[in-house]
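If you want the building blocks of each chain, they are given just below.
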Amino acid sequence: MEQMKKMPLEGIRVVELATVVAAPTASRVLCAFGAEVIKVETKIGDEMRRAGEFEMVVCEDDKNPLFTIQNSGKRLTSIDLKKPDGKAAFLRLLETADVFLTNVRLPSLGRLGLDYETLHKAYPGLVYAHFSGFGPKGPDAAKPGFDSTAFWLRSGPMADWQVPGSFPFTPTYAFGDMATSSAFLSGILMAIIGKKSTGMGTFVSTSLFASGIWCNAIGVVSHQPQFGGERPNDPLRPADPFCHFYECSDGKWIGVFDNEYRRELPKFANFFGMPEIADDPRAASLEALHETDFVVEIVTRLNAVFKTKTVAEWEAFLSENNVSCERMRTIRDVSTDEQAIANGYVQKVTFKDDLEVMMPCPPMQLTEYAMRPYTSAGRLGADTDSIFHDLGYTDPEIAAMKASGAIQ
């Protein structure tokens, strides 16, 4: 029998005081790979518990797929930090923690006595992981930051990734949060590694704005004034006509991508029935294409060519000829995508009342280590009794704290 695999983060304890998506997703991945994550919520609970109301997905206790994405496997409790008993209990939790993870704004944490300076002095080995919208410094440090504002609107893509004059595209809920969670996770893991060698905790921080800039790094450099500044997104003037998107005869779209324009120009020119452009000086380089505006003629011809076949026909033809391509899929296609299922990128999870949902999984796999299975995240305060028993509280003490409203 194969020996049971261990999880790589076993023995790490994380106390999470965070809501919604980005920060809880980072601790969700830590939890998936073995860390014990204790999620501390307010009396009304994480707002993510109710996200299904506007996403039109069921959001009941023990049947809450959206909340489960970020919170599967965590131990759940509710503490009122403004009550002395609640604050004392929270500090007892931190005494046992390796990581304190939060997205509460720094001024609020300071008023609660949970700022980095105070906690670092009390628990010098604690990794203090803070997440914000715009970063801990500068004029907008206290500004509320959301995925749509700090990640998308502030870092440029919503202005530059669409045809001028069109209505701004609407990203799916929390896309930027999910991207940013990976950066946050990386910082936390580096701090844990550092703590193992030095014994010292540190302040780890990232923000939606930082992540938006980093994810769009190529554009942030290339759009600076010394490189030409603004570059309108004109469908007839892509940087490379053979790295572009085309509509097929069935109304579906396909993306086609060459490796290097000059080297592959003859091949692509033949594929698409325009061999003469391979010897046309206007097409000799990407620079020449744009200096002469010949790119417009080529793209116009390609638009007509792609209208002669369905997306499936083009995908088969291009793949047979070793051309990188992909049809444009819809989000609803992902849950049944054979490639996603084969690699475990989505996984069937059964919720209460036999509700089956294909759930997106943490996007990393370690062959010699185990990962916690997906489980439905429970009700508010589901693990309060066991968490407080572990801290040494007796049943009467727990009952008294519940009666006073310090915990739930």
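These remarks concern the structure in this document. (Residues numbered from 1 in each chain as written. Predicted model: local features only at pLDDT ≥ 70, side-chain atom pairs only at ≥ 80, totals over all residues. Heavy atoms only, no water.)

### Points about the sheet that holds strand β6 (residues 203-207)
Argument step 1. Judged by pairing direction, the sheet is parallel, and its six strands sit side by side in the order β3-β2-β1-β4-β5-β6 without closing on themselves. Each end of this open sheet is capped by a strand with a single partner; those strands are β3 (75-78) and β6. Neighbour-to-neighbour, the strand axes of this sheet turn through a mean angle of 20 degrees, independent of strand direction.
Argument step 2. In the sheet, strand β5 (residues 127-132) pairs with β6 via five bridges, with the strands oriented parallel. Bridge assignment links Tyr 128 to a residue of β6, and that residue is Phe 203.
Argument step 3. Contacts from helix α9 (residues 175-198) reach β4 (99-102), β5 and β6 within the one sheet, and its direction differs from that of β5 by about 165 degrees. (Pairing = 2+ DSSP bridges. Helix = DSSP H or I, 4+ residues; strand = E, 2+ residues; numbered from the N terminus. Axes fitted to C-alpha atoms, helices over the stretch in contact; angles between N-to-C directions. Contact = heavy atoms within 4.5 Å.)

### Some points on the sheet that holds strand β7 (residues 243-247)
Argument step 1. The sheet built from three strands is open, its strands ordered β7-β8-β9 with antiparallel pairing. The open sheet has two edge strands with one neighbour each: β7 and β9 (324-327). In this sheet, neighbouring strand axes are inclined to one another by 20 degrees on average, regardless of whether the strands run parallel or antiparallel.
Argument step 2. Pairing of β7 with strand β8 (residues 253-257) involves five bridges; the strand directions are antiparallel. Within β8, the position partnered with Tyr 246 by the bridge is Ile 254.
Argument step 3. Strand contacts of helix α15 (residues 311-320): β8 and β9, with the helix running at about 160 degrees to β9, the strand carrying the most contacts.

### A closer look at the pairing of β7
Argument step 1. By the alternation rule, side chains of β7 split into His 244 and Tyr 246, which are all buried, and Cys 243, Phe 245 and Glu 247, of which none is buried.
Argument step 2. Once β7 ends, the chain turns through five residues before running back antiparallel as β8, passing Gly 251 with a positive phi of about 80 degrees. (Buried < 20%, exposed > 50% of the residue type's maximum accessible area, 1.4 Å probe, protein only.)

### Considering the side chain of Asn 216
Argument step 1. Here Asn 216 is to be found in the loop between α10 (208-215) and α11 (217-222).
Argument step 2. Once you skip the residues sitting within four places of it in the chain, Asn 216 turns out to touch Ser 155, Pro 157 and Trp 161.

### Topic: the pattern of salt bridges
Argument step 1. Per the stated rule, a full pass over the model turns up 25 salt bridges.
Argument step 2. In this structure, the salt-bridge partner of Arg 13 is Glu 36, at a minimum N-O distance of 2.8 Å. Linking Arg 13 in strand β1 (residues 13-17) with Glu 36 in strand β2 (residues 36-41), this pair joins segments that are 23 residues apart in sequence.
Argument step 3. On the basis of relative accessible area, Arg 13 is assigned to the buried category, the value being 14%.
Argument step 4. Looking at Glu 36, the relative accessible area reads 22%, which means it is partly exposed.
Argument step 5. A salt bridge links Glu 247 to Lys 307; its shortest N-O distance comes to 3.3 Å. In this pair, Glu 247 is assigned in strand β7 and Lys 307 in the loop between α14 (294-306) and α15, connecting sequence segments 60 residues apart.
Argument step 6. Here Glu 247 falls in the partly exposed class, since its relative accessible area comes to 26%.
Argument step 7. Classification of Lys 307 as partly exposed rests on a relative accessible area of 43%.
Argument step 8. What you see here is one network of salt bridges that share partners, running through Arg 13, Glu 36, Arg 75 and Asp 390. (Salt bridge = Lys/Arg side-chain N within 4 Å of Asp/Glu carboxyl O.)

### Section: helix α4 (residues 84-95)
Argument step 1. Under the 1.5 Å per step criterion, the end-to-end length of α4 is 17 Å for twelve residues, consistent within 8% with the ideal 16 Å.
Argument step 2. Regarding α4, the residues found buried are Gly 86, Ala 89, Phe 90, Leu 93 and Leu 94. One face of α4 carries all of its buried residues, which in axial projection span an arc of 145 degrees. Seen from the open side of α4, the exposed residues pointing more than 90 degrees away from its buried face are Pro 84 and Glu 95.
Argument step 3. The inward-facing, buried residues of α4 abut β1, β2, β4, α6 (116-122), α18 (384-390) and α19 (395-404). (Expected span 1.5 Å × (residues − 1). Arc of directions from axis to C-beta.)

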